[in-house]
Amino acid sequence: MPEPTATPYAPFRAAPFHDEPFPELLGCASQVIVSADEQWIAVNSVMQGLSRVAVYRAADLSCAHLLTFTTDAESIAFHPTLPLLAIGLDNYDAYQREGGLTLLEPVTGHRVDFADPEWGIEPIRWLDARTLELTFFTWESDCAQLRSRATVVRDDWLGLTPDALDLRTLPRQPLPPDTLVEYLDTEPTRPLLQALAERAGRSYDGLGGVRAVAGLSDGRVLATRGGATVECRAPDGSLLWSVPAPSGTGGSRIEVAADERTARVAVAGPDSRTRTDFPLVDLSDGTLLDCPSVPFPAALSARTDGVWAIRDTFDRGSETEPPAPPNTRVFAADGTPLAGVHEPDRYDLVPIHVRRCPELLYGRRRRDVIALDPRSAAETVLFALDPFRVDHPLGRAVYVSDAAGPALLHGRTELVRRTFPAGEVVWTRPLDSEVIAVDAHESVLHALCTDGTLLSVDTADGTLLDRRALPPYGPLSLHAAPDGTVLVGTSAGQILRY
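What you see is a predicted model, and the numbers here were worked out from it, not measured in a lab. (Residues numbered from 1 in each chain as written. Predicted model: local features only at pLDDT ≥ 70, side-chain atom pairs only at ≥ 80, totals over all residues. Heavy atoms only, no water.)

A. Just the sheet that holds strand 32 (residues 379-384), in detail. On the basis of which strands lie adjacent, the open sheet formed by 4 strands has the order 28-30-31-32 and antiparallel pairing. Both edges of this open sheet fall to strand 28 (349-351) and strand 32, since each of them pairs with a single strand only. Mean inter-strand twist for the sheet, computed between neighbouring axes without regard to direction, equals 35 degrees. As judged from the 4 bridges shared by strand 30 (residues 361-364) and strand 31 (residues 368-372), these two strands associate in the antiparallel manner. Within strand 31, the position partnered with R364 by the bridge is D368. (Pairing = 2+ DSSP bridges. Helix = DSSP H or I, 4+ residues; strand = E, 2+ residues; numbered from the N terminus. Axes fitted to C-alpha atoms, helices over the stretch in contact; angles between N-to-C directions.)

Structure (structure tokens):
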């Protein structure tokens, strides 16, 4: 059955809460180059299984073109005189190597792609206005690296068609194994992006991805990012205060107290294998009130009354690294230890990350959902998961109490409403992609998905209210603020609000 047309339940007006240029790079710029006429800026962003090349107008840093590849776009080069960008592609596969060459004309948007099914291309270099040099890579059966080089000489480089060049038939000169392959030297990306932003009358801090975000009743917004345990921004986006993090990763989870006076944050230490901090922060000015720590990596979960718990997440691979029991620990809101549970196989008791829930919920052997008493550590089985779907835990979840009663709304590859605490399925809504995060406000469930969409559905019956395509900034986190504003934290460091 075709998907019904979505009808917005309210006008969605997107606005960047914390705005910086170059968000399309997802905070991961690899190489920055400027065209000969200084009208265009090209930047590549290379991540595992995904590459982006963004072309910006130098005058105002608006993004003119965004190219996405499933291969590595490690090498980019502007033509010495023409408005033309060349991109070398390489998948780096040792057994099925392939690559290609893409040419983009920023002024017209004309793009042409040339593929090579057996060789990767890196680097590429313009030798002069007529000559493009390509270096090809592949592997022999004994994993020895083969390299060769070819040049393409043309008087007309603009407006090429897909049949204008066949990479497979280019005459290639094999390179000796000890040949030094020269790459285009560029300045360190962050200082160069900062300088280019300043030239355009803007600023670029490169603060890092927003792994957690939370809106407060007065319009302030909390966020975690690289180098910051937690930061607080005014309703206009200006920074009010920031608590430095002991490591470059920053905070990963924020639990705001019901009275909004304090927040508990999970922060990996300088060595994420040996420490996790759980600071309590005064939200009026960022004062650190308490900072309990455990000597292992741990995840944070919490109840609405402020009780919080941690679970040891260290993947111990040998008997020389014994766990420090108990591997699940429960604390009062002020950090007073309440109870602990030790599981020889810690995967028998796994926390279920549920927002706004009055109970600490865990999965027992991936079959039963249980509530853990914070003082006695006694377990109450709430409901059993479908035995035919034990490999699919609840995923992301939020507790609601609406006109239809208390419920858990959760999702991984589908959205589900279950009665609480009985766990009976009320409705199910299949999805086209996986869920990153969910949250709810009043009678609306919001789901952030890996395909870059924000879905809003009715909590009572799952009716689709809105489907919004987000900007390509890498959605990471989600929160529904007390006034209903939806906040989305991104890999690019921006906070979007709807």
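B. View of the environment of V281. Position of V281 relative to the elements: it lies in strand 21 (residues 280-282). Among the residues examined, V281 registers a relative accessible area of 0% and is labelled buried. Distance from V281 to V265, taken between C-alpha atoms, is 7.9 Å for residues 16 residues apart in sequence. Non-local contacts of V281, meaning those with residues more than four positions away in its chain, are made with V230, W241, V243, R261, T262, A263, G286, T287, L288 and L289. (Buried < 20%, exposed > 50% of the residue type's maximum accessible area, 1.4 Å probe, protein only. Contact = heavy atoms within 4.5 Å.)

C. Main features of the sheet that holds strand 27 (residues 337-341). Reading across from one edge, 24-25-26-27 is the order of the 4 strands in this open sheet, with antiparallel pairing throughout. Of all strands in the sheet, those bounded by a partner on one side alone are strand 24 (298-302) and strand 27. Across the sheet, the axes of successive neighbouring strands diverge by a mean angle of 20 degrees, strand direction being ignored. Relative to strand 27, strand 26 (residues 328-331) runs antiparallel, the two being bridged by 4 bridges. Paired with V330 across the two strands is A339, which belongs to strand 27.

D. Fine view of the confidence of the model for the protein. Confidence in the prediction of the protein, expressed as mean pLDDT, is 89, and 91% of residues score 70 or more. Per-element mean pLDDT across the protein ranges from 66 in strand 1 (residues 15-18) up to 98 in strand 38 (residues 444-449). Predicted confidence is poor over residues 1-13, with pLDDT under 50, and the contacts of this stretch with residues over four places away or in other chains come to 23 contacts. (pLDDT = per-residue confidence, 0-100.)

E. Seen up close, helix 1 (residues 189-199). Of the positions making up helix 1, those classed as buried are T189, L192, L193, L196 and A197. All buried residues of helix 1 lie within an arc of 135 degrees about the axis, which places them on one face of the element. In this structure, helix 1 carries E198 and R199 as exposed residues pointing more than 90 degrees from its buried face. Considering only its buried residues, helix 1 is in contact with strand 2 (31-34) and strand 3 (40-47). Just downstream of helix 1 lies G201, where phi reads positive at about 80 degrees. (Arc of directions from axis to C-beta.)

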